[in-house]
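# Structure at a glance
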Amino acid sequence: MRLIPQEILRVMGLQPQQVVLRLLFAIFTLVAIFLFIFVSLGAFHVSMPISQAGAGGGASMVRVGLTLLAVVALKRETSEEDEERFFKNARDRLYAMMGV
């Protein structure tokens, strides 16, 4: 019996090294985006003094982060047909890998 993660990587045509490189690239990209945002805020003199940014500023930053995450996550809502098609495709691939 083959291990399922290895079988998934084989079907997708990926090596573990490629997955690690993609993860590192994604992390590097996120770091670059956040650095750009902080540099941009500094360029426009948007300062958040530490004395004022105590608990209220931290909570505000968390709210902004969650809002941005929600916008990205909900950017495209999936319909039931999309979910059904995705589930059927995933089930068919899994059955093909397992030989069912």
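Structure's up top.
In short, a report on the structure. The structure displayed is predicted, hence computed values, not measured ones.

This paragraph deals with a nonpolar patch on the surface. A cluster of nonpolar side chains, Leu30, Ile33, Phe34, Phe36, Ile37, Phe38, Leu41 and Met61, forms an exposed patch at the surface whose accessible area comes to about 800 Å². Per-element accounting of the nonpolar patch gives the leading share, seven residues, to helix 2 (residues 16–43). The residue Ile37 is located in helix 2 in this model. Look at Ile37 and you get partly exposed, because its relative accessible area is 38%.

What follows is about the pattern of salt bridges. Taken as a whole, this structure holds one salt bridge when the rule is applied. One salt bridge in this structure joins Asp92 and Lys88, with 3.2 Å as the shortest N-O distance. Pair noted here: Asp92 and Lys88 are both in helix 4 (residues 80–98), with a separation of four residues, about one helical turn.

Thresholds applied
Throughout, residues of each chain are indexed from 1 in the direction in which the sequence is written. The predicted origin of the model limits local features to residues at a pLDDT of at least 70 and limits the giving and counting of side-chain atom pairs to 80 or more, whereas totals for whole chains, interfaces and linings rest on all residues. For side-chain calculations, the full set of non-hydrogen atoms in the structure is used, while hydrogens and water are omitted. Residues forming no salt bridge and having over 30% relative accessible area are the ones grouped into patches, like charges within 9 Å of each other and nonpolar side chains (Val, Leu, Ile, Met, Phe, Trp, Tyr) within 5 Å. The protein chains shown are the only cover counted for residues, whose accessible areas, like all others here, come from Shrake-Rupley with a 1.4 Å probe. What makes a salt bridge here is a side-chain nitrogen of Lys or Arg within 4 Å of a carboxyl oxygen of Asp or Glu, nothing more. Here a strand is any run of E in DSSP of at least two residues, a helix any run of H or I of at least four, and the numbering for each starts at the N terminus. Burial classes: relative accessible area under 20% of the type maximum marks a residue as buried, over 50% as exposed, and values in between as partly exposed (1.4 Å probe, protein chains only).

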